[in-house]
Amino acid sequence: MFDLLMDALSPLDGVTGRLPGAQRAWDLLAAAQRRDPAAVEELLLLPETGLWLTRLLTRLRSNGPADTPLWAEAGHLHTLAAVAAARAGLTFSFPVPALQEKVWLPTLGLARLPSAHRHRNVWTVAEVRSAHGRITLVGAYGQLRLPSVPEHPSSGWLPQRRSPLVAGAARRIPLDDLGHHRIAPMPDGAAERLTHSAYDSWNRLLQESYELLAAMDPPTADAAAVLLRSLQPMSAHERFRVRSVSSGHGVGGLASSVPDTAPLCAATLAHELQHSKLSALMHLYPLHEPAPPGAPQRLYYAPWRDDPRPLGGMLQGAYAFTAVARFWSACAARLAGPDGGLAAFESALWLGRLTEVVPALATDPALTAAGRDALQALHGAVVRLHGRTGEGAEVTLARRMAADHRATWRAAHVRPHPDDLAVLSAAWCAGRKRPPALPPRPHPEIRESGARHLDARAMLVRVRLADPAALDKMRDSQGDHVPGLAGAGPADVLWACAEFTAAWRLYSQEIRNAPAGPATWTGLGLALADAGRSPEAVRALTVMPELVAGVHSAVREISSRTPDPTALADWLGQGGTGPSGSC
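Presented here is a report on the structure given in the accompanying data block.

The rules behind these values
Residues numbered from 1 in each chain as written. Predicted model: local features only at pLDDT ≥ 70, side-chain atom pairs only at ≥ 80, totals over all residues. Heavy atoms only, no water. Helix = DSSP H or I, 4+ residues; strand = E, 2+ residues; numbered from the N terminus. Buried < 20%, exposed > 50% of the residue type's maximum accessible area, 1.4 Å probe, protein only. Contact = heavy atoms within 4.5 Å. Areas by Shrake-Rupley, 256 points an atom, 1.4 Å probe, with all protein chains shown as cover. Salt bridge = Lys/Arg side-chain N within 4 Å of Asp/Glu carboxyl O. Phe/Tyr/Trp six-rings, centres within 6.5 Å; stacked < 30°, edge-to-face > 60°. Lys NZ or Arg CZ within 6 Å of the ring centre and 35° of its normal. Core = buried A, V, L, I, M, F, W, Y, C linked by side-chain atoms within 4.5 Å. Patch = residues over 30% accessible without salt bridge, like charges linked within 9 Å, V, L, I, M, F, W, Y side chains within 5 Å. Pairing = 2+ DSSP bridges. Axes fitted to C-alpha atoms, helices over the stretch in contact; angles between N-to-C directions. Parallel < 35°, antiparallel > 145°, perpendicular 65-115°, else oblique. Expected span 1.5 Å × (residues − 1). Bend = angle between axes of the 7 residues up to and from the residue.

### Examining the overall build of the protein
Move 1: Counting secondary structure elements, the protein contains 22 helices and 14 strands.
Move 2: Taken over the C-alpha atoms alone, the protein extends approximately 90 × 55 × 50 Å along its principal axes.
Move 3: Relative to its 583 residues, the protein shows a buried fraction of 52%.
Move 4: Taking all contacts inside the protein whose residues are at least 6 apart in sequence as the whole, residues at least 24 apart take part in 69%.
Move 5: When the accessible surface of the protein is totalled, it reaches about 25,800 Å², and 54% of it is carbon and sulfur.

### Remarks on the pattern of salt bridges
Move 1: Using the criterion set out here, one finds 28 salt bridges in the structure.
Move 2: Residue E546 is joined to R410 by a salt bridge in which the shortest nitrogen-to-oxygen separation is 2.7 Å. Remark: R410 occurs in helix α13 (residues 393-413) and E546 occurs in helix α21 (residues 545-559); sequence separation between them is 136 residues. Side by side, E546 and R410 carry an identical accessibility label, which is buried.
Move 3: Across the pair D492 and R457 runs a salt bridge, and its minimum N-O distance is 2.8 Å. Of this pair, D492 sits in helix α17 (residues 490-496) while R457 sits in helix α15 (residues 456-466), and the two are 35 residues apart along the sequence. Here D492 matches R457 in class, with each residue buried.

### A closer look at unusual backbone geometry
Move 1: M186 connects to P187 through a cis peptide bond whose omega is 0°.
Move 2: Mapped onto the elements of the fold, P187 is located in the loop between β9 (172-175) and α7 (196-216).
Move 3: Phi angles above zero are rare outside glycine, and Q100 is one such case at about 55°.
Move 4: On the accessibility criterion, Q100 (16% relative accessible area) is buried.

### Some thoughts on the packing of aromatic side chains
Move 1: Counted by the stated rule, this structure contains 7 aromatic pairs.
Move 2: Centre to centre, the rings of F2 and W26 are 6.1 Å apart; their planes meet at 40°, and the pair counts as tilted. With F2 in helix α1 (residues 2-9) and W26 in helix α2 (residues 22-35), the pair connects residues that are 24 residues apart, well separated along the chain.
Move 3: Given a relative accessible area of 27%, W26 falls into the partly exposed group.
Move 4: With centroids separated by 6.2 Å and ring planes inclined at 50°, the aromatic side chains of F2 and W52 adopt a geometry described as tilted. Here the residue F2 occupies a position in helix α1, and W52 occupies one in helix α4 (residues 47-62), the gap between them amounting to 50 residues. Accessibility assignment for this pair places F2 and W52 in one class, buried.
Move 5: Geometry around Y199 places R161 over its ring, the cationic atom sitting 4.7 Å from the centre.

### Looking at the nonpolar core
Soluble globular proteins tend to bury their nonpolar side chains together.
Move 1: Judged by nonpolar contacts, the single largest core of 109 residues is most densely connected at W304, F327, W328 and L572.
Move 2: Excluding residues within four positions of it along the chain, W304 makes contact with M314, G317, A318, F321, W350, L354 and V357.
Move 3: Listed in part, the 44 residues of the second largest apolar core include L5, L53, L108 and I135.

### Quick notes on a nonpolar patch on the surface
Move 1: On the surface, a nonpolar cluster with roughly 320 Å² of combined accessible area is contributed by L281, L284 and Y285.
Move 2: Looking at the element boundaries, L284 is found in helix α9 (residues 262-284).

### Comments concerning the pairing of strand β5 (residues 134-139)
Move 1: The element β5 is extensively covered by neighbouring structure, given that 5 of its 6 residues are classed as buried.
Move 2: Pairing of strand β4 (residues 123-131) with β5 involves 5 bridges; the strand directions are antiparallel. Residue pairing across strands places S130 opposite I135, the latter belonging to β5.
Move 3: From the end of β4 to the start of β5, which pair antiparallel, there are 2 residues, and H132 there has a positive phi angle of about 55°.
Move 4: Relative to strand β6 (residues 142-145), β5 runs antiparallel, the two sharing 4 bridges. The residue of β6 that forms the bridge with G139 is G142.
Move 5: Linking two consecutive strands that pair antiparallel, namely β5 and β6, is a turn of 2 residues.

### Some thoughts on the side chain of Q274
Move 1: Among the structural elements, Q274 can be located in helix α9.
Move 2: A relative accessible area of 6% places Q274 in the buried class.
Move 3: Residue contacts for Q274: discarding those within four places in its chain leaves Y319, A320 and A323.

### Notes on the packing of α15 against helix α16 (residues 468-476)
Move 1: Contact pair α15 / α16: the axes reach a minimum separation of 5 Å and the direction vectors enclose 130°. What the angle tells us is that α15 and α16 run oblique. Here L460, V463, R464 and A466 of α15 come into contact with α16, specifically with P468, A470, L471 and M474.

### Observations regarding helix α11 (residues 337-361)
Move 1: When the terminal C-alpha atoms of α11 are compared, their 36 Å separation across 25 residues agrees well with the 36 Å that a helix rising 1.5 Å per residue should span.
Move 2: Along its length, α11 shows its largest kink, about 30°, at L354.

### Re helix α6 (residues 76-87)
Move 1: Compared with an ideal rise of 1.5 Å per residue, which puts 12 residues at 16 Å, α6 spans 16 Å between its outermost C-alpha atoms and is within 8% of the ideal.
Move 2: Where burial is concerned, most of α6 is hidden: 11 out of the 12 residues are buried.
Move 3: Within the span of α6, buried status applies to H76, L77, H78, T79, L80, A81, A82, V83, A84, A85 and A86.
Move 4: In the stretch just after α6, G89 is the one whose phi turns positive, near 85°.

### Description of the environment of V103
Move 1: Locating V103 in the fold gives a position in strand β2 (residues 102-105).
Move 2: Its relative accessible area of 0% is what places V103 among the buried residues.
Move 3: Sequence separation between V103 and H180 is 77 residues; the distance between their C-alpha atoms is 9.8 Å.
Move 4: Once residues lying within four places of it in the same chain are set aside, the contact partners of V103 are V96, P97, A98, G109, L110, A111, L113, A126 and L137.

### Considerations on the pairing of β4
Move 1: For strand β1 (residues 92-99) and β4, the ladder comprises 8 bridges, and the chain directions are antiparallel. If you follow P95 over to β4, its bridge partner there is E127.

### Examining the environment of P153
Move 1: Here P153 is to be found in the loop between β6 and β7 (157-159).
Move 2: For the pair P153 and I558, spaced 405 residues apart in the sequence, the C-alpha separation amounts to 70 Å.

Listed below in structure tokens is the structure:
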């Protein structure tokens with residue numbers, strides 16, 4: 001990649017602006033490499049370095065607009081060279097980019113030089129000087145001498161903090177809360193200095209989660225010990241909804257909100273490390289052919305996402321969640337109490353979904369030979385893990401939540417054929433006792449709808465398993481929304497609290513009063529099933545919820561009447577209608 005960068009930069013005059021040419025930076029980096037290869041290797045293998053390289057190369061090809069001046073973007077090469085030379089103990093002076101007189105030195109920390117532009121997004125040039133093992137930064141309005149031990153903070157200097165996966169271990173993972181090159185998109189991924197208590201929490205969580213991985217899932221623990229190279233903390237999120245992201249261009253790095261528990265942290269590491277491993281593999285061996293320009297991509301149901309996904313995204317998700325399922329499966333067999341119940345739920349949930357998804361992916365004609373081999377191996381691993389799944393209340397709940405998410409996804413993204421809606425709504429308005437049979441529709445229209453938080457009821461189940469008192473508190477709260485859980489409504493909480501008849505009535509009322517979201521329709525089906533009412537309606541709302549919602553809307557338009565949603569679902573469930581194809 002650096003060869004590509006130098007080839008791209010060399011013919012461009014003035015691309016580095018007031019900084020020396022790229023070759024000067026390269027020469028300094030080479031001198032550092034001769035003195036201290038390990039320091040240079042760490043810098044070049046940082047996930048953030050890969051992100052910067054990819055973005056800069058893309059920008060040089062496209063020449064599109066950007067927030068950062070091109071010379072400052074290219075000048076990160078100078079920053080890497082200066083840090084490498086300083087760590088190697090070379091004596092030198094070299095200019096680097098500075099933003100608002102702040103200079104980010106990867107692996108070392110952030111220097112804040114005296115500035116007259118504290119509140120302006122101004123890029124300037126600063127000088128990095130190193131002599132006798134001490135680093136000094138010189139800016140337009142003053143200078144800053146770093147401590148003799150850069151890990152120590154001082155006025156104007158915030159060192160990069162690190163966390164050992166094993167207490168006392170020499171290898172420590174950078175907690176990057178200061179750097180420019182972020183994995184997660186803005187604003188969630190923005191750098192923000194951790195408080196001391198937040199830093200201590202991450203330290204504790206990483207060490208506890210690594211111990212758990214070593215006990216439950218040694219392959220992932222081994223991967224973490226070797227592959228994990230940096231973690232970019234994000235602000236806290238909802239309970240059980242850990243926000244995490246990795247990038248194929250920054251292998252070994254991840255951004256994550258702070259998980260509530262060590263098992264959740266361990267599952268997050270397993271998830272994102274799988275993405276990094278597969279991304280590294282796909283750089284060498286493509287698993288699928290890209291879609292021809294202008295050709296529509298086949299979209300799939302992804303059980304771990306709210307939106308429809310193309311083949312590449314499905315491969316990443318299936319690979320990542322196989323490791324997640326493996327971890328939870330081991331926890332389910334060895335943990336007791338609420339932790340064991342939650343692990344059994346997670347294991348059954350993901351393994352059940354993977355057994356459906358992976359075989360479907362294997363039929364995609366865009367797979368390469370390597371892709372087919374990878375999916376075959378993945379399917380074998382999933383089948384072996386699924387064979388260990390036992391029975392119990394948590395497993396039953398997991399199966400129901402898997403079906404609920406798939407039905408809600410259908411209601412959100414599958415579009416019934418307009419002719420079907422016209423025929424069925426006319427038949428309902430005419431008072432026909434049974435709906436007419438419809439022609440088969442093997443390939444439904446799938447369209448991204450923007451619907452999100454389709455897993456809200458599964459989140460409520462997790463709360464119920466881990467902390468029933470917290471679920472009771474949610475039920476007793478007032479308002480149209482459930483505090484601390486986006487996407488959940490009062491009817492969902494009633495269902496999770498086993499007040500099924502009350503939940504059914506509230507879902508019905510919500511549908512009658514206003515256009516209802518997809519989760520309201522499928523929640524109606526869940527509540528009917530648990531209340532022991534109308535199996536035909538339950539079938540329709542589980543198998544073809546998009547058709548029930550579509551006919552309901554069409555009837556309202558042509559008759560100015562609002563049909564009873566349960567009666568309509570019961571009517572549709574009695575006939576020869578079926579789902580609008582598979583997805």
